[in-house]
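Single-letter residue listing:
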Amino acid sequence: MTTSITKPFARSVTPFLWFDTAAEEAARAYTSLFADSRVVEVARAGDRVQSATIVLAGQRYILFNGGPHLALGAAFSLMVQVDTQEELDAIWDALLAGGKPSRCGWLVDRFGVSWQVVPAILPGLLGDADASKAKRALDAMLGMQKLDIAALKRAHAG
């Protein structure tokens, strides 16, 4: 027997990120980087931070201090879409501080959260109807850590 669910089933969907002990530090760092961002609440048990609820660019997140039992991984990442190289550089550099770069605009920050810092034009370049242009842009992107918008455009143009 199939159960019928009337939509909307859930009131909201909120990403919940597990940290060892750095939830409050991460909350303050992340909210300092993005417009329309703030720390909503820091829940404490005595002098220990249990969780921080934040809004980043209008999206609600819960950062939880759950201890070392679980670790964040690259299978879940936060993607930041930017318009200019200056925005890309600033966000990339701030998130990378104390972290580790990866390929294709991905990095892991000092808290263990995976991020993608991506120019808004990238889907158009990679999805171009001209397969040779799209492949050149893809090949260029695959050779980069931090994405370079001008280099992606040059590769796409041939």
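This write-up is about the structure you can find in this document.

1. Some points on the pattern of salt bridges
Any two side chains of opposite charge can pair if their charged atoms end up close together.
Here is step 1: According to the stated counting rule, one finds six salt bridges in the structure shown.
Here is step 2: Of the charged contacts in the structure, one is a salt bridge between Glu-24 and Arg-44, with a shortest N-O distance of 2.9 Å. With a gap of 20 residues between them, Glu-24 in helix H1 (residues 23-31) and Arg-44 in strand S2 (residues 38-45) connect regions that are remote in the sequence.
Here is step 3: Among the ionic pairs, Lys-146 bridges to Asp-89, the shortest N-O distance being 3.2 Å. Residue Lys-146 is located in the loop between helix H4 (131-142) and helix H5 (149-157), and its partner Asp-89 is located in helix H2 (residues 85-96); the two are separated by 57 residues in the primary sequence.
Here is step 4: You can call Asp-89 partly exposed: its relative accessible area is 24%.

2. Remarks on the sheet that holds strand S3 (residues 48-56)
Here is step 1: Taking strand neighbours across the sheet as the criterion, the four strands line up as S1-S4-S3-S2 in an open arrangement whose pairing is mixed. Here the strands that pair on one side only, and so sit at the sheet edges, are strand S1 (16-19) and S2. When strand polarity is set aside, the average angle formed by the axes of neighbouring strands in this sheet is 20 degrees.
Here is step 2: Relative to strand S4 (residues 59-65), S1 is paired through four bridges, and the arrangement is parallel. Residue pairing in the sheet places Leu-17 in a bridge with Leu-63 of S4.
Here is step 3: In the packing of H1 onto the sheet, the strands contacted are S1, S2, S3 and S4, and the crossing angle to S3 comes to about 20 degrees.

3. Notes on the packing of aromatic side chains
Within a pair of aromatic rings, the relevant descriptors are the distance that separates the centres and the angle that separates the planes.
Here is step 1: Counted according to the given criterion, the structure contains six aromatic pairs.
Here is step 2: Ring geometry for Trp-18 against Phe-64: centres 5.3 Å apart, planes inclined by 70 degrees, an arrangement best described as edge-to-face. Here Phe-64 lies in strand S4 and Trp-18 lies in strand S1, a separation of 46 residues in the sequence.
Here is step 3: Residue class for Phe-64 comes out partly exposed when judged on its relative accessible area of 25%.
Here is step 4: Geometrically, the ring pair formed by Tyr-30 and Trp-115 is edge-to-face, given 5.2 Å between the ring centres and 70 degrees between the ring planes. Here Tyr-30, found in helix H1, pairs with Trp-115, found in strand S8 (residues 114-119); they are 85 residues apart in sequence, far enough to count as distant. Note on accessibility: Tyr-30 and Trp-115 belong to one class, buried.
Here is step 5: Three or more aromatic residues link up through ring pairs in this structure, and these residues are Phe-19, Tyr-30, Phe-34, Phe-111 and Trp-115.

4. Comments concerning a nonpolar patch on the surface
Here is step 1: Nonpolar side chains collect at one region of the surface, where Leu-126, Leu-138 and Leu-142 lie side by side and expose about 200 Å² of accessible area between them.
Here is step 2: Along the chain, the position of Leu-138 falls in helix H4.

What counts, and at which threshold
Residues numbered from 1 in each chain as written. Predicted model: local features only at pLDDT ≥ 70, side-chain atom pairs only at ≥ 80, totals over all residues. Heavy atoms only, no water. Salt bridge = Lys/Arg side-chain N within 4 Å of Asp/Glu carboxyl O. Helix = DSSP H or I, 4+ residues; strand = E, 2+ residues; numbered from the N terminus. Buried < 20%, exposed > 50% of the residue type's maximum accessible area, 1.4 Å probe, protein only. Pairing = 2+ DSSP bridges. Axes fitted to C-alpha atoms, helices over the stretch in contact; angles between N-to-C directions. Contact = heavy atoms within 4.5 Å. Phe/Tyr/Trp six-rings, centres within 6.5 Å; stacked < 30°, edge-to-face > 60°. Patch = residues over 30% accessible without salt bridge, like charges linked within 9 Å, V, L, I, M, F, W, Y side chains within 5 Å. Areas by Shrake-Rupley, 256 points an atom, 1.4 Å probe, with all protein chains shown as cover.

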